[in-house]
Amino acid sequence: MRIVLLGAPGSGKGTQAAILTEHLGVPHISTGVLLRAAVEAGTELGAKARSIMDRGELLPDDIMLDLIEERLQAPDAEPGFVLDGYPRNLSQAASLDGLLDRLEKPLDIAIQIDVDAEQVIRRIARRAAEEGRSDDSEETVRTRMQVYEEQTAPVVDHYARKGLLTQVFGEGSIEDVNQRIMAVLKAEAID
Ligand code: AMP
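Residues numbered from 1 in each chain as written. Predicted model: local features only at pLDDT ≥ 70, side-chain atom pairs only at ≥ 80, totals over all residues. Heavy atoms only, no water.

A.B. asks: Residue-level account of helix α8 (residues 174–187), with values.
C.D. replies: Side chains three or four residues apart in an α-helix point the same way, a direct result of the helix having 3.6 residues per turn. Look at α8: 20 Å from first C-alpha to last across 14 residues, which is about the 20 Å you get at 1.5 Å a residue. Buried within α8 are the following residues: Val177, Asn178, Ile181, Met182, Val184 and Leu185. Seen end-on, α8 carries its buried residues on one side only, within an arc spanning 155°. Exposed residues lying more than 90 degrees from the buried face of α8 are Lys186 and Ala187. The inward-facing, buried residues of α8 abut β1 (2–6), α1 (13–24), β4 (109–114) and β5 (165–169). (Helix = DSSP H or I, 4+ residues; strand = E, 2+ residues; numbered from the N terminus. Expected span 1.5 Å × (residues − 1). Buried < 20%, exposed > 50% of the residue type's maximum accessible area, 1.4 Å probe, protein only. Arc of directions from axis to C-beta. Contact = heavy atoms within 4.5 Å.)

A.B. asks: So what's going on with the packing of α1 against α8? Residues and values would help.
C.D. replies: One way to put it is that α1 packs onto α8 with a least axis distance of 10 Å and a crossing angle of 50°. One element, α1, and the other, α8, form an angle in the oblique class. Considering the relative orientation of α1 and α8, their crossing is right-handed. Contact residues: α1 offers Thr15, Gln16, Ile19, Leu20, His23 and Leu24, while α8 offers Ile174, Val177, Asn178, Ile181, Met182 and Leu185. A per-class count over the contact of α1 with α8 returns eight nonpolar, four polar and no charged. (Axes fitted to C-alpha atoms, helices over the stretch in contact; angles between N-to-C directions. Parallel < 35°, antiparallel > 145°, perpendicular 65-115°, else oblique. Left-handed = near helix turned anticlockwise from the far one by under 90°. Nonpolar A, V, L, I, M, F, W, Y, C, P; charged D, E, K, R; others polar.)

Structure below.
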């Protein structure tokens, strides 16, 4: 099963993606995790990514496409994937459509985790305290929310137009949200 998870920063999509991959036996592919690993490892990509991520802006689309193209072709992604953090704008959504067409691996579903802005800000503040992510500072979070509204929110409509979108209410416990997602997958016969 090939799944894209969408949602604002702090919507819980990373947490949900991690739980889902355990249930489904496919890898959780998070571009944010890949980029943070590159920063940590001090690679050329990491050096480019660091300051952009710390500002809460998006890396160039061509760099992201190379990264995702390589990752989606790794053997563990053969049975499918849960994609988290990509695509982040309409151009990336079109690139992903093209890539998956070429690989003959169409998406099964795009799931948007829907939470209100207040909730998101509370969650990010908590994550900043717990994980110490350098892009969880107040100013960066504001930029990331703005980038989401302007560039990523249209991706939700992109998948709606393709008939692939399902929205899931993202409030409540982690377990509640997971059960809603599992119910959607069951209804779509994707599990
Ligand atoms: P995330 O962990 O998904 O919130 O991503 C953290 C940061 O990594 C983002 O704020 C961006 O700077 C960068 N990033 C992650 N995914 C992408 C993407 N698809 N396109 C561009 N930049 C990205």
